[in-house]
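Architecture at a glance
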Amino acid sequence: MNAADVPAREAMEFDVVVVGAGPAGLAAAIRLKQLSPDKSVVVVEKGSEVGAHILSGAVVDPIGLDRLIPEWRGEDTPIKTAVTEDRFYVLSSSTALRLPNFLLPPLMNNHGNFVVSLGDVCRYLARKAEALGVEIYPGFAAAELLFENGAVAGVATGDMGIGKDGHHKAGFARGMELRAKYTLIAEGARGSLAKVLIERFGLAQDRQPQKFGIGLKELWQVAPEQFHSGLVQHTMGWPLDNKTGGGSFLYHFGDNLVAVGFVVHLNYQNPYLSPFEEFQHFKTHPLVRGTFAGGTRICYGARALTEGGWQSVPKLVFRGGALIGCAAGFMNVPRIKGSHNAILSGILAADHVAAALGEGRTHDELTNYETAWRASPIGRDLWRVRNAKPLWSKLGTLFGVALGGLDMWTNTLGFSVLGTLRHGKPDWATLKPAAQCHPIAYPKPDGRLTFDRLSSVYLSNTNHEEDQSVHLLVRDPSLQKSSEHDVYAGPSARYCPAGVYEWVEEAGQERYVINAQNCVHCKTCDIKDPNQNITWVPPEGGGGPNYPNM
Ligand SMILES: Cc1cc2nc3c(=O)[nH]c(=O)nc-3n(C[C@H](O)[C@H](O)[C@H](O)COP(=O)(O)OP(=O)(O)OC[C@H]3O[C@@H](n4cnc5c(N)ncnc54)[C@H](O)[C@@H]3O)c2cc1C
Ligand code: SF4
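The text that follows walks through the structure, step by step, so that each part is easy to find.

Criteria and cut-off values
Residues numbered from 1 in each chain as written. Chains lettered and ligands numbered in written order. Predicted model: local features only at pLDDT ≥ 70, side-chain atom pairs only at ≥ 80, totals over all residues. Heavy atoms only, no water. Salt bridge = Lys/Arg side-chain N within 4 Å of Asp/Glu carboxyl O. Helix = DSSP H or I, 4+ residues; strand = E, 2+ residues; numbered from the N terminus. Buried < 20%, exposed > 50% of the residue type's maximum accessible area, 1.4 Å probe, protein only. 1 Å grid on protein atoms, 1.4 Å probe; cavity = no way out; pocket = protein on both sides within 12 Å on 5 of 7 lines; lining within 4 Å. Points joined across faces, edges and corners; volume = space filled by probe spheres on them. Nonpolar A, V, L, I, M, F, W, Y, C, P; charged D, E, K, R; others polar. Near = heavy atom within 4 Å. Polar contact = N/O pair within 3.5 Å; in protein donor to acceptor, adjacent residues only side chain to side chain. Contact = heavy atoms within 4.5 Å. Axes fitted to C-alpha atoms, helices over the stretch in contact; angles between N-to-C directions. Left-handed = near helix turned anticlockwise from the far one by under 90°. Pairing = 2+ DSSP bridges. Patch = residues over 30% accessible without salt bridge, like charges linked within 9 Å, V, L, I, M, F, W, Y side chains within 5 Å. Areas by Shrake-Rupley, 256 points an atom, 1.4 Å probe, with all protein chains shown as cover. Sits in = over half its atoms within 2 Å of the grid points. Expected span 1.5 Å × (residues − 1). Bend = angle between axes of the 7 residues up to and from the residue. Phe/Tyr/Trp six-rings, centres within 6.5 Å; stacked < 30°, edge-to-face > 60°.

**Observations concerning the pattern of salt bridges**
According to the stated counting rule, one finds 32 salt bridges in the structure shown. For E218, the salt bridge is made with K283, and the minimal N-O distance between the two is 2.7 Å. Taken together, the positions of E218 in strand β14 (residues 212–221) and K283 in the loop between α5 (275–282) and β18 (296–306) put the pair 65 residues apart, joining distant regions of the chain. In terms of burial, E218 and K283 fall into one category: buried.

Structure below.
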């Protein structure tokens, strides 16, 4: 078939369309059906199944779940491991200084929280949603927003079966239009539709730029003698230098499982830095390396997280819908937690959608959701920690985190002498030219404790139909050469956790190679490219990682 004979898309009508089956989207869908059982709610999810694209720590604060499903503690859920011990260390290359728990602001305490696979929690939430009558379509990416009279009127899923060169293959099928009175965007950090909406409706005007981190994670089955059920351990410092924000997490849960991960703030300056290698290097520290002795690495993945907090949350509403969860930026950085706010924001938005539908309204602005969130538990959670990230960025890890801790303490007592600090530049603008930086020599992987990228991506079970249009769009290829390569020494080859980008020399010319089939959908390239020259768009639905329990 050629492009001119493309048939029209079929359309289905719903009361509410939700984009993304993460904790935010599923919570919204559940709440809507609890409040308005007669309304039709559909959730589209780009992963091959619910949970396939979910990557988190995760230590979950159950405040959202308690509100959404008060009976969950009496049910068979994947939320089984209560936190038993909380440890926080500052690392140098050979030492680990443990901070006494009483020094940490009470909001950092994990008592009463649970260690989980967030993917499994989403699978549980999906079962609850379906039991209430929510329709969930995994394997369908919302590729396009539908507009009617200037308002969002739903989404269209992507066409399937378009080859790399744009031709329609034998199995070509048009996407579906899912039309709705209200559309909730729950795509998580750096959502591709959220980005379009923020731009089109000017939702980020008068806000601080959104800030991001990249989180890399491995799941290990450890030897029984290394396992301490419910132990939650965080570190900061080594191997990152004092100017580079980030740190590690290590959570023991389930059946001898340890989730180990490393977050690097994406405002780092040295283009030679590789978050992946920093993570591998971190695992060799004497504090943690023993945990993995005799263990097996069973999964790997990566995902961006939002870090801007209170001052970066955009306007949440536009005509016909709203942003919820990490698409809105509700992550609490010092607590490394966002799933509780994702659920709470799903509930809050659903309350206002249900009220609007009950009044017979459609396609208007859910103004009350916008005004409600700052006074809600989400707003209170983010307000107290609002200066932690700007202080860390401005003063470096040692002073910044110490002063940030003090500010969180005073905020807990009800005041701050610092007011609300600004974030400064967006993350794409913080790289220095390579000529002003030193290359970083990382140790070679040993294949037992530390690994290379490609054997890691293998463990993410990533799969994309190979003959499809590239979903990583480079707006101006010549700029990629003249700036990304010539000025910044090709940072995409290092910040991408999946080895998607390479500069390859062929006949004396540098060629930019994009191995799109390896992409784990972390969105880092869309955030960190120094010229904002790369745009991530959804590939064919169902493509991407297949995380069993991340
Ligand atoms: C490394 C790491 C560690 C973390 N640790 C913790 C922790 O310990 N505790 C905690 O509470 N939080 C933690 N977080 C944060 C937490 O994971 C997020 O706050 C939470 O997942 C946000 O939920 P969400 O529903 O908004 O988005 P997500 O969980 O990102 O879910 C979004 C869903 O939408 C789908 N989607 C996206 N775009 C489309 C589209 N266009 N069409 C169809 N589907 C789409 C995605 O595939 C995904 O399934 C961590 C995050 C990371 C990255
Ligand atoms: S290509 Fe971009 S979104 Fe995909 S894994 Fe690499 S950095 Fe992440």
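**Structural notes on empty space enclosed by the protein**
Taken as a whole and judged by the stated rule, the model has five cavities of 30 Å³ or more. Along its surface, the largest cavity is lined by 50 residues, and I54, L55, G188, A189 and R303 are the ones closest to its centre. Of the residues that constitute the lining of the largest cavity, the class distribution is 30 nonpolar, 13 polar and seven charged. A volume near 90 Å³ is recorded for the second largest cavity.

**Remarks on the site of ligand 2**
The full set close to ligand 2 counts 14 residues, and C496, C519, C522, K523 and C525 are the nearest of them. Per-class residue counts for the shell around ligand 2 are eleven nonpolar, two polar and one charged.

**What to know about the side chain of H464**
Summarising the element assignment, H464 is placed in the loop between α10 (453–458) and β21 (472–474). With relative accessibility at 5%, the residue H464 sits in the buried group. Of note is the side chain of H464, whose polar atom sits 3.1 Å from the side chain of H521. Within polar-contact distance, the side chain of H464 engages the backbone nitrogen of G544 at 3.2 Å. In this view, H464 contacts H471, A516, Q517, C519, H521, P539, G543 and G544; residues no more than four positions away in its chain are not counted.

**Re helix α4 (residues 192–200)**
Taken together, the buried positions of α4 are S192, L193, A194 and L197. Looking one or two residues beyond α4, the residue adopting positive phi is G202, at roughly 60°.

**Observations regarding the packing of helix α1 (residues 23–35) against helix α6 (residues 339–358)**
Running from N to C, α1 and α6 cross one another at 35°; their axes reach a closest spacing of 7 Å. Relative to α6, α1 is oriented so that their crossing is right-handed. Along the contact surface, α1 presents P23, A24, A27, A28, R31, L32 and L35, while α6 presents S339, A342, I343, G346, I347, A350, D351, V353 and A354. Grouping the amino acids of the contact of α1 with α6 by side-chain chemistry returns twelve nonpolar, two polar and two charged.

**Digging into the sheet that holds strand β3 (residues 59–60)**
Whenever strands of a sheet pair, they do so through backbone hydrogen bonds, lying parallel or antiparallel. Taken together, three strands build an open sheet; the order of strands is β3-β7-β4 and the sheet is antiparallel. Each end of this open sheet is capped by a strand with a single partner; those strands are β3 and β4 (81–82). One ladder, built from two bridges, connects β3 with strand β7 (residues 114–115); its direction is antiparallel. Looking across to β7, one finds that V60 is bridged to F114.

**Some details on a nonpolar patch on the surface**
There is a patch of nonpolar side chains on the surface, built from L395, L398, F399, L403, L406, L413, F415, V417 and L418 and spanning about 930 Å² of accessible area. Along the chain, F399 turns up in helix α9 (residues 388–412).

**With respect to the site of ligand 1**
Within the structure, ligand 1 sits among 36 residues, and E45, S56, V59, C326 and S339 are positioned closest to it. The separation between an oxygen atom of ligand 1 and a polar side-chain atom of H53 is 3.5 Å. Within the contact set of ligand 1, an oxygen atom lies 2.7 Å away from a side-chain nitrogen or oxygen of S56. Taking a 2 Å distance to the grid points as the criterion, the majority of the atoms of ligand 1 fall inside the largest cavity. When grouped by side-chain class, the residues that make up the shell around ligand 1 number 21 nonpolar, ten polar and five charged.

**Considerations on α9**
The end-to-end C-alpha separation of α9 is 13 Å, well short of the 36 Å expected for 25 residues at 1.5 Å each. Along α9, the sharpest kink reaches roughly 140°, centred on G396. Note on α9: the residue one or two positions beyond its end, G414, has a positive phi of about 110°.

**What about the packing of aromatic side chains?**
Under the criterion given, the structure shown has 14 aromatic pairs. Between W220 and F292, the aromatic rings sit 4.8 Å apart at their centres with planes inclined by 50°, giving tilted as the arrangement. In this pair, W220 sits in strand β14 while F292 sits in the loop between α5 and β18, placing the two residues 72 residues apart along the sequence. Each member of the pair, W220 as well as F292, carries the same accessibility label: buried. Considering the side-chain rings of W220 and F451, the 6.2 Å spacing of their centres and the 50° angle between planes classify their relative orientation as tilted. Pair noted here: W220 is in strand β14 and F451 is in the loop between α9 and α10, with a separation of 231 residues, a long-range link.

**Examining the pairing of β14**
With nine of its ten residues buried, β14 lies for the most part within the structure. The pairing of β14 with strand β17 (residues 257–265) spans nine bridges and is classified as antiparallel. Each residue of the ladder has a partner; that of Q221, found in β17, is L257.

**Some remarks on the environment of K432**
Following the sequence through the fold, K432 ends up in the loop between α9 and α10. Accessibility expressed as a relative area gives 33% for K432, which makes it partly exposed. As a C-alpha pair, K432 and R127 span 305 residues in sequence and 48 Å in three-dimensional space. Apart from the residues lying within four places of it in its own chain, the contact partners of K432 are Q269, P271, C437 and Y488.

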